[in-house]
Amino acid sequence: MNKVGFFRSIHLKFVLIYLLLIILAVQIIGVYFVRKLEDQLVSNFKQSIEGHINLLEYNLREEMTKERDESDPSLGTEVKSILSDFISSGIAEVRVIDNRSIIVGTSDPNNQGIVGQRTTEFMVKRALALGSKEDKIYIEKKTGHRIWVLTSPIKSKGEVIGVIYLVGTIENVFKQMNEINGIFITGTAISMVITALLGVLLAQTITRPISDMRRQALAMAKGNFSRKVKVYGHDEIGQLAFSFNHLTKKLQEAQATTEGERRKLSTVLAFMTDGVIATDRRGRVILINTPAEEMLNVPRETGLSQPLVSLLELDDRYTFEDLLTEQESVILDYSTKERHYILRANFSVMQRDTGFVNGVIAVLHDITEQEKIEMERREFVANVSHELRTPLTTMRSYLEALAEGAWQDKEIAPQFLNVTQNETERMIRLVNDLLKLSKMDNADYTLKKNWVDFGEFFSQIIDRFEMTKQQDVTFKRELPKHSILMEIDEDKLTQVIDNIISNALKYSPEGGQVSFKVKEKAEEIEVSISDQGMGIPKENLDKIFERFYRVDRARSRQMGGTGLGLAIAKEMVAAHGGQIWAKSVEGCGTTIYITLPYDRSQEDDWS
Ligand code: ADP
């Protein structure tokens, strides 16, 4: 398709048309001209001879009608002498025949033998009989040349007394004609060659812009708009070329705009966090962006051309037509046992002005986190209300009892007051812990860091507990001897370690041991605090760092715990860039691990 062969090209067609027209014109002119010329030449030839014949006829008539004496030469001799004078170009032979058909004389000196013989020529006999002139062109059998035969009667007083029989060599006229024809053919051939060459050049002026446009159209089809057609003139083709260039420019602009829009759209679709799916009017997916692929965990190839409702696993609840009228967002819950996964889908219909539905655009939004936060918030409010209601209910009943007269009882009153006091303290602790958490949840929460030797800092805390502990528990320390210089918020980390040690003491059995370890690692230090208490069930190990979580609710509350200690510890360690986790064997003990980032090179700077 790309290449037009020379034999199919418009160029060749133009040249051929030129040549055919020229041939036609030359043929018509040639035939007319040659025919006319031939007629003219033949008639000239005949006229020139006929002029002579009249004179000859006159002379012969005189001789043939003359009264002769003995002294006069014979008619034959006279005729011979007249004929010998008569020989001229164009005349091969002249015979004179008398009215008895006897040949009286011939101009051919080599044919004198026929004199006195009777002629057999049919034309002569006719002339004698009819007395009319007649001529004919024959082809001589021997030579193949054309000859012109003329029979002219010699009349005297209205009677035919003889006939002149003339043979003209008309072949020369035809030879001449042939030569003229030759010249004509050569002329035609030369003019055709010149015309063909001119035709090639002239056709180029028409075909060049056309083939230029053809090439440009092909280039345009391949997306190349940079070419331009050369405008050779202001004729129709020139205007066509001009319009073609204009069209190219417009097309290029239109394509650039479309391409720009397409690129913008695909960039927006690729970089937006929401998933976008578009369908055709039958509800089959025609576009799916990367976030949507990831959200639905479906490769693009599988997603495309699937019905939207089955891609979103909505088959059992909705048809495509339902989605067209769905105003509210649809919640897609893909949660499994292992993880929560909830998406919100909004549908908008793509409609033309005529109301014809082109398809639907579904926007998917991952609301798992949002839902989780919402759930946690609800749980938190429920937990806080519950945690506050318990001590408040206890206090109310005790205060009611006191109000109803128990205050007068010297034994019960102090006990009751003691309980209310404990509950109040527990509430204060709870509120304080909540305040701490809320402070840390604040966006502009900052740590007040100082450079300290971690070993010394840890030891001091342990010392404090060792001095104040009331249980029969021994402490075991495995701390590095050298200093570990770190930048930490002492106050916050003290709270963390306090909480872990007090838990360890709380859950330690009598005579148990609490061990403290600090291990230096490549880029962090690992602090561990182990006890030999009842331990924590494996499935609850991670949950103890959640707010208000307690393995044994009643027991913990009884021990004065709020269930917030480890949650606060986790936040504080995370603020330091560290991690906290627990390992435990039920019935054998629990170890709480903390890692904190530690940069040895910084310490070298200090020392
Ligand atoms: P609480 O104020 O109740 O101690 P925490 O956040 O400090 O709250 O601890 C959460 C829960 O983790 C506790 O209620 C307890 O069930 C469990 N726990 C924490 N430390 C230990 C430990 N050393 N041994 C056994 N259980 C523990």
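Everything that follows concerns the structure shown earlier in this document.
Notes on the structure in this doc start here. From a predicted model like this one, the values you see are computed outputs, not experimental measurements.

Focus on the pattern of salt bridges
Right, so step 1: According to the stated counting rule, one finds 26 salt bridges in the structure shown.
Right, so step 2: The partner of Glu171 in a salt bridge is Arg146, with the nearest N and O atoms 3.8 Å apart. Placement of Glu171 in helix α4 (residues 171-221) and of Arg146 in strand β4 (residues 146-156) is noted, with a sequence separation of 25 residues between them.
Right, so step 3: By relative accessible area, Glu171 is classed as buried at 14%.
Right, so step 4: In this structure, Arg215 and Asp212 form a salt bridge, with 3.0 Å as the shortest nitrogen-oxygen distance. Here Arg215 pairs with Asp212, and both are found in helix α4, just three residues apart, close to one helical turn.
Right, so step 5: Taken together, the salt bridges that share partners define one network made up of Glu259, Arg262 and Arg263.

Things to note about the site of the ligand
Right, so step 1: Near the ligand lie 20 residues; those nearest to it are Asn503, Asp531, Ser556, Thr562 and Leu566.
Right, so step 2: One nitrogen or oxygen atom from the main chain of Val551 is found 3.0 Å from an oxygen atom belonging to the ligand.
Right, so step 3: Burial of the ligand by the protein chains amounts to 97% of its free accessible area of 530 Å².
Right, so step 4: When contributions to the shell around the ligand are tallied by element, the ones reaching two or more residues are α13 (490-507) and α15 (565-575).
Right, so step 5: If one sorts the elements of the shell around the ligand by residue count, α13 sits on top with five residues.
Right, so step 6: Its residues assigned to classes, the shell around the ligand shows eight nonpolar, nine polar and three charged.

Describing the packing of helix α10 (residues 368-403) against helix α11 (residues 412-441)
Packed helices, taken two at a time, are described by the angle between their axes plus the distance between the axes.
Right, so step 1: Where α10 contacts α11, the axes come no closer than 9 Å and their chain directions differ by 160°. In terms of axis orientation, α10 runs roughly antiparallel to α11. Considering how the two elements wind past one another, α10 and α11 form a crossing that is left-handed. Every residue of α11 that contacts α10 at Phe380, Val384, Glu387, Leu388, Pro391, Leu392, Thr394, Met395, Tyr398, Leu399, Ala401 and Leu402 is listed here: Ala413, Phe416, Leu417, Val419, Thr420, Glu423, Thr424, Arg426, Met427, Leu430 and Leu434.
Right, so step 2: Grouping the constituent residues of the contact of α10 with α11 by class yields 17 nonpolar, three polar and three charged.

What counts and what doesn't
- Residues numbered from 1 in each chain as written.
- Predicted model: local features only at pLDDT ≥ 70, side-chain atom pairs only at ≥ 80, totals over all residues.
- Heavy atoms only, no water.
- Salt bridge = Lys/Arg side-chain N within 4 Å of Asp/Glu carboxyl O.
- Helix = DSSP H or I, 4+ residues; strand = E, 2+ residues; numbered from the N terminus.
- Buried < 20%, exposed > 50% of the residue type's maximum accessible area, 1.4 Å probe, protein only.
- Near = heavy atom within 4 Å.
- Polar contact = N/O pair within 3.5 Å; in protein donor to acceptor, adjacent residues only side chain to side chain.
- Areas by Shrake-Rupley, 256 points an atom, 1.4 Å probe, with all protein chains shown as cover.
- Nonpolar A, V, L, I, M, F, W, Y, C, P; charged D, E, K, R; others polar.
- Axes fitted to C-alpha atoms, helices over the stretch in contact; angles between N-to-C directions.
- Parallel < 35°, antiparallel > 145°, perpendicular 65-115°, else oblique.
- Left-handed = near helix turned anticlockwise from the far one by under 90°.
- Contact = heavy atoms within 4.5 Å.

Without other data, these values stay purely geometric and don't point to any function.
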